[in-house]
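# Coordinates in review
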Amino acid sequence: MSRWIGFLFVILVGVALGLLYGWVVDPVEFIDTTPDSLREDYRADYVLMVAEIYQADRDSAAAVTRLTFLANEEPLAAIQNAARFATEVSYATSDLAKIDALFDAVMAWYDNPLGDTAP
Amino acid sequence: MREKRGSWYLLTGLILGILIGLVLAWMLPPTAVSNSGPNSLRQDYKDAYRALVALAFDATGDQKRANARLELLGDEDIAGVLAAQSQRYLAEGYSYTEALALARLSAALGQVPEPAPRTPTSMPELIATATPPETVEDGLPSETVNPDSTATTLEEAGEPLPTETASITPSPTLSRTPILTFTPLPTLTATPTLSPPYVLQNQALVCDPILQKSNIQIVVTNAAGEGVPGVEVIVQWTGGEEHFYTGLKPEMGLGYADFDMTPAQTYTLHIAEGGEPVALFVPECAETSTRYWGGWRLIFTHP
């Protein structure tokens, strides 16, 4: 009986070692992922890129389209999350300002998506 | 009598356990992938990411930042991949702005893309802007290729230089009598002509209280203004995507298609063949004291 207990015990130890190796030492690298799986810092940088482009072209509709790339959150939520992360990790003030400006522009776009031609 | 056995069963159990652990860690698919990097993105998403980096570089001129972002994608030849994507975008009718931005970034990173096999309207501008910035800024080429450099190096190395032995007198050549042979005529191979992508001609708000649902009405026409059936339209939203075709409701017109929207959701719509995407959401209409959800009518046409 004690042999069986010992046998099961070393199996469990082996499973733990296998999982440690497979998850920590040499984890699986996923390929063909979608943007919603991007880590928070990459998402924040993505939003910053959109903000940088918006600062140059002032095209808020295009900015919204670009933000929908981040599939799992609405554009405004994506900007808010990016702004929060950017503040936490102390992005440059100029970058924070760009993200703020993007937020205002997207808010304005939702109010008036056709610009001046809206009824 | 008791059989005396060693401790091999412990080693067997350990190896078995490790194998089970590795299978669990490596083989079983996760419920959801998270915290991944841009290098693991699917190829089409990588293209979109790369195009955005290029546009951001166009906007800021910050090459160091652009380079750092591109390195996240894990491409071995960054400039080459950018140039290739630029060419592909032009050929497949993607956004010209993005193609140009990709070409500019590629040039800035050191590789001038080959001239694009495109319509004459888009060629000159791309080539003109694909010049490396060094030559534009100071008016001088950054690196001048010295055609004598090889000879100088050989001379300095003490190796004998090849002497010119070519004579000016043409050597006699053998003349051949032409023999009549049957040569099959080349068959004409049809080369597909790239059609320009559909462009958004008009976007209008649809406020009709009789309509019980909020939808996007799409009308796709050709250059003559006639409806085009069978055009694939793609709508994407948070966590979803749908493909549909024009012409499935012929009573509304051959080039007509529609898509029902849900409030508080942002959608991106584009024609599958190419062209700029359009961002949309459910608009709110107001008439005197009544408020209701409206829709959109988009007319795409060939330029």
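Parameters and conventions
Residues numbered from 1 in each chain as written. Chains lettered and ligands numbered in written order. Predicted model: local features only at pLDDT ≥ 70, side-chain atom pairs only at ≥ 80, totals over all residues. Heavy atoms only, no water. Contact = heavy atoms within 4.5 Å. Buried area = accessible area lost by both parts, 1.4 Å probe. Salt bridge = Lys/Arg side-chain N within 4 Å of Asp/Glu carboxyl O. Polar contact = N/O pair within 3.5 Å; in protein donor to acceptor, adjacent residues only side chain to side chain. Helix = DSSP H or I, 4+ residues; strand = E, 2+ residues; numbered from the N terminus. Nonpolar A, V, L, I, M, F, W, Y, C, P; charged D, E, K, R; others polar. Buried < 20%, exposed > 50% of the residue type's maximum accessible area, 1.4 Å probe, protein only. Disulfide = S-S within 2.5 Å. Pairing = 2+ DSSP bridges. Axes fitted to C-alpha atoms, helices over the stretch in contact; angles between N-to-C directions. Core = buried A, V, L, I, M, F, W, Y, C linked by side-chain atoms within 4.5 Å. pLDDT = per-residue confidence, 0-100. Phe/Tyr/Trp six-rings, centres within 6.5 Å; stacked < 30°, edge-to-face > 60°.

### Points about the interface of chain A and chain B
On the side of chain B, 54 residues touch chain A, which itself brings 52 residues to the contact. When chain A packs against chain B, close to 4,500 Å² is buried across both sides, 69% of that on carbon and sulfur atoms. On the chain A side of the interface with chain B, the three residues burying the most area are R3, F30 and M49 of chain A, jointly 13% of the side's total. Summed over the shared surface of chain A and chain B, the number is 4 salt bridges. At the boundary of chain A and chain B, one finds 18 residue pairs in polar contact (both at pLDDT 80 or more). No other element matches helix α1 (residues 2-25) of chain A, which puts 14 residues into the side of chain A that touches chain B. Of the residues belonging to the side of chain A that touches chain B, the class tally is 31 nonpolar, 10 polar and 11 charged.

### Some words on the side chain of D47 of chain B
Residues and elements named next belong to chain B. Note on placement: D47 falls in helix α2 (residues 43-60). Take D47: its relative accessible area is 8%, and that puts it in the buried class. One polar contact links D47 to R50, side chain to side chain, over a distance of 2.8 Å. In this view, D47 contacts Q85, R88 and Y89; residues no more than four positions away in its chain are not counted.

### Observations regarding the state of the cysteines
Two cysteines whose sulfur atoms are joined by a covalent bond form what is called a disulfide. All names here are of chain B. Counted under the stated rule, the structure contains 1 disulfide over all chains. At a sulfur-sulfur separation of 1.9 Å, the disulfide partner of C207 is C285. In this structure, the disulfide formed by C207 and C285 twists by about -80° around the S-S bond and is classed as left-handed. You can see C207 sitting in the loop between β1 (199-206) and β2 (215-221) and its partner C285 sitting in strand β8 (residues 284-287), a full 78 residues away along the chain. We classify C285 as buried; its relative accessible area is 1%.

### Here we look at the sheet that holds strand β5 (residues 256-260) of chain B
Residues and elements named next belong to chain B. Ordered by their spatial adjacency, 4 strands build an open sheet running β1-β10-β2-β5, and the pairing between neighbours is mixed. With partners counted over all chains shown, the strands left at the sheet margins are β1 and β5, one partner each. Going from strand to strand, the sheet's axes swing by 20° on average, the running direction of each strand aside. With 7 bridges joining them, β1 and strand β10 (residues 295-301) adopt antiparallel strand pairing.

### Section: the environment of V206 of chain B
Within the secondary structure, V206 of chain B sits in strand β1. Separated by 11 residues in the primary sequence, V206 of chain B and Q217 of chain B place their C-alpha atoms 9.0 Å from one another.

### So, the nonpolar core
In terms of nonpolar packing, the biggest core is built from 54 residues, with Y46, V47, I99, L102 and V106 of chain A together with Y49 and L105 of chain B touching the most fellow members. Top element by residues in this core is helix α2 (residues 40-57) of chain A. It accounts for 10 residues. Once you skip the residues sitting within four places of it in the chain, Y46 of chain A turns out to touch R66, F69 and L70 of chain A together with Y49 and L52 of chain B. Counting 22 residues, the second largest nonpolar core, distinct from the first, contains V233, F259, Y267 and V282 of chain B.

### Quick word on the confidence of the model for chain A
Interpretation of the predicted coordinates at a detailed level should be avoided for regions scoring low in pLDDT. Here chain A shows a mean pLDDT of 89. Residues at 70 or above account for 95%. Averaged pLDDT values for the elements of chain A fall to 90 in α1 of chain A and rise to 95 in α2 of chain A.

### A few points about the packing of aromatic side chains
In this structure the tally under the stated criterion is 14 aromatic pairs over all chains. Taken together, a centroid distance of 4.7 Å and an interplanar angle of 10° make the contact between Y46 of chain A and F69 of chain A stacked. With Y46 of chain A in helix α2 and F69 of chain A in the loop between α3 (60-67) and α4 (75-88), this residue pair connects regions lying 23 residues apart in the sequence. The residues Y46 of chain A and F69 of chain A share a single accessibility class, namely buried. A ring pair is formed by F244 of chain B and F259 of chain B, whose centres lie 5.9 Å apart and whose planes are at 5°; its orientation type is stacked. With a gap of 15 residues between them, F244 of chain B in strand β4 (residues 240-245) and F259 of chain B in strand β5 connect regions that are remote in the sequence. An identical accessibility class is assigned to F244 of chain B and F259 of chain B; each is buried. Members of the aromatic cluster, connected to one another through ring pairs, are Y46 and F69 of chain A together with Y45 and Y49 of chain B.

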